[in-house]
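# Report on the structure
Below are the chains, spelled out letter by letter.
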Amino acid sequence: MLTLCPNYELMTPAFQWICDGVQLQGVDTRRLEQWIEQVVAAHNRFLGPVSYIFCNDDRILEVNRQFLNHDYFTDIITFDYSHGRVVSGDMFISLDTVRTNAEQVGASYDRELLRVIVHGILHLCGINDKGPGEREIMERHEDEALAMLPADIAPVR
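Notes on the structure in this doc start here. These numbers come from a predicted model, not from an experiment.

## Regarding the layout of surface pockets
Put simply, the largest pocket is a space of about 750 Å³. If you go around the largest pocket, you meet 28 residues; those closest to its centre are Asp75, Ile76, His119, Asp129 and Arg135. Contributions of two or more residues to the lining of the largest pocket are made by helix H2 (57–68), strand E4 (76–80), helix H3 (95–105), helix H4 (109–124) and helix H5 (134–147). Classifying every residue of the lining of the largest pocket gives nine nonpolar, eight polar and eleven charged.

## Structural notes on unusual backbone geometry
At Asn44, a residue that is not glycine, the phi angle is positive and equals roughly 60°. Locating Asn44 in the fold gives a position in the loop between helix H1 (29–42) and strand E3 (46–55).

## Some words on the side chain of Thr74
Looking at where Thr74 falls in the secondary structure, it is placed in the loop between H2 and E4. Ignoring anything within four residues of it in the chain, the contact list for Thr74 reads Ile60, Asn64, Ser94 and Thr97.

Rules and cut-offs
- Residues numbered from 1 in each chain as written.
- Predicted model: local features only at pLDDT ≥ 70, side-chain atom pairs only at ≥ 80, totals over all residues.
- Heavy atoms only, no water.
- 1 Å grid on protein atoms, 1.4 Å probe; cavity = no way out; pocket = protein on both sides within 12 Å on 5 of 7 lines; lining within 4 Å.
- Points joined across faces, edges and corners; volume = space filled by probe spheres on them.
- Helix = DSSP H or I, 4+ residues; strand = E, 2+ residues; numbered from the N terminus.
- Nonpolar A, V, L, I, M, F, W, Y, C, P; charged D, E, K, R; others polar.
- Contact = heavy atoms within 4.5 Å.

Have a look at this one:
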């Protein structure tokens, strides 16, 4: 069942925060929106409509199979509708995989979730991570974006 995530009444027209069969607790979407807007501006882009759809592993596997013909779990799938310098897209994030990845890399769940949230936006800004050397470039941009987080929402590493 699709539901609006907590704090949906604070959403701006550019953002949609959707929970697809999962609960997203303790997330201040307004503060995240401000941060994302700063990241987009730092990449010389403008923010258009973006949707974050939080789901579980079963749902992201279904999306991965249906739209990308991939048969594996992933933390995020980004559908890019950007045009020129206006970023726009839908991002499916598996909270199950975020939790697994956090455990594997020794990061807090909150920090890993923020990394994945900004990872999708960075894709919409034109940064890739599949080709030679691109993963390191993406990680550098993620680190720079995470450094832009306001102290009161920045999680412990």
